[in-house]
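# Fold and geometry: a report
Here is what each chain is made of, one letter per residue.
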Amino acid sequence: MDSPKKLQDIKVAVDAVIFGYFDKKDLQILLIKRNIEPFKGGWALPGGLVLDDENLDDAVKRELQEEAGIKPDFLEQLYTFGNVGRDPRNRVVSVAYLGLVNPSYHELFADSDAEDAQWFSVNQLPKLAFDHQTIIDIALKRLRTKIQYQPIGFNLLNDEFVFSELENLYKTIIGQEIDRRNFRKKIMSYGLLNETNNLKKEGSGRPGKLFTFNQEKYKELEEQGFYFEIK
């Protein structure tokens, strides 16, 4: 006779990899300093256990609000992490999310399980709790791939921006130089930018024209099977 099956004792959590961007600086990641064990005083991704009566999307939004005081402009599921031993307390399966925010529009405020919340360069991250470095590595790879066919990068810019800021953003995320002339030609051909009457002074050169992202045009193109490819 087969022995009775052991009931599962698995907890479900959410973790969020939130990217931010400051003009002409490295790509940034939001981290919180934990004020509870395990890894008390260590840096980690915002996140926590999902409540019994809570949807996953609601859980990650709640955790981001509680631990860092932010609401992402873009948020989507990234990957599920469930290796045995990833949490020293018990068996925890975490659904990770990838998010984008413009730090200029968000004032960080740590609360709940977080002692502090700060932006860190992706190139200068501290030692992280749990398997959060692995989660970040996968999120960064996804972002670098995704931004080349879907213009999610606009979520990281100000509402109005000069074209060079968009160009610098793409170079920063992709991590390599791009063909400036080809990049501008492709971006402008999609009709995704609205030219404003405003100018921005940059260095000693002539002021640059300011643009805004045309959300309606993007949604229209997306419904038509639009494929945004930048190389």
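Residues numbered from 1 in each chain as written. Predicted model: local features only at pLDDT ≥ 70, side-chain atom pairs only at ≥ 80, totals over all residues. Heavy atoms only, no water.

You'll find the protein entered in an unreviewed UniProt entry as NUDIX hydrolase, with Chryseobacterium muglaense given as the organism.

## Topic: the side chain of Asp131
The following threshold applies: Numbered from the N terminus, helices here are DSSP runs of H or I no shorter than four residues, and strands are runs of E no shorter than two. Here a residue-residue contact requires only that any non-hydrogen atoms of the pair lie within 4.5 Å.
Within the element layout of this structure, Asp131 appears in the loop between β7 (114-121) and α2 (132-146). Setting aside chain neighbours within four positions, we find Asp131 in contact with Phe81 and Arg86.

## Observations regarding unusual backbone geometry
The general pattern is negative phi for most residues beyond glycine and trans for most peptide bonds. We count it as follows: Using a 1.4 Å probe on the protein chains alone, a residue whose accessible area is under 20% of its type maximum counts as buried, one over 50% counts as exposed, and one in between counts as partly exposed.
Cis peptide bonds are those with omega within 30 degrees of zero, and the linkage from Glu37 to Pro38 qualifies with 0°. Relative to the elements of secondary structure, Pro38 occurs in the loop between β2 (27-34) and β3 (43-44). Although it is not a glycine, Lys24 sits at a positive phi angle of roughly 65°. Counting through the fold element by element, Lys24 comes out in the loop between β1 (11-21) and β2. By relative accessible area, Lys24 is classed as exposed at 64%. One non-glycine residue, Phe39, lies in positive phi territory at about 65°. Along the chain, Phe39 falls in the loop between β2 and β3. The partly exposed category is assigned to Phe39, whose relative accessible area is 38%.

## Let's talk about the UniProt feature "domain: Nudix hydrolase" (unreviewed entry) in the protein
Inclusion rule: UniProt positions are given in the numbering used here, feature names are shortened, and annotations may be inferred rather than shown by experiment.
When the UniProt feature table is mapped to this numbering, "domain: Nudix hydrolase" (unreviewed entry) covers residues 9-144. Each end of residues 9-144 is marked by a C-alpha atom, and these two atoms are 36 Å apart; helix forms 19% of the span and strand 36%.

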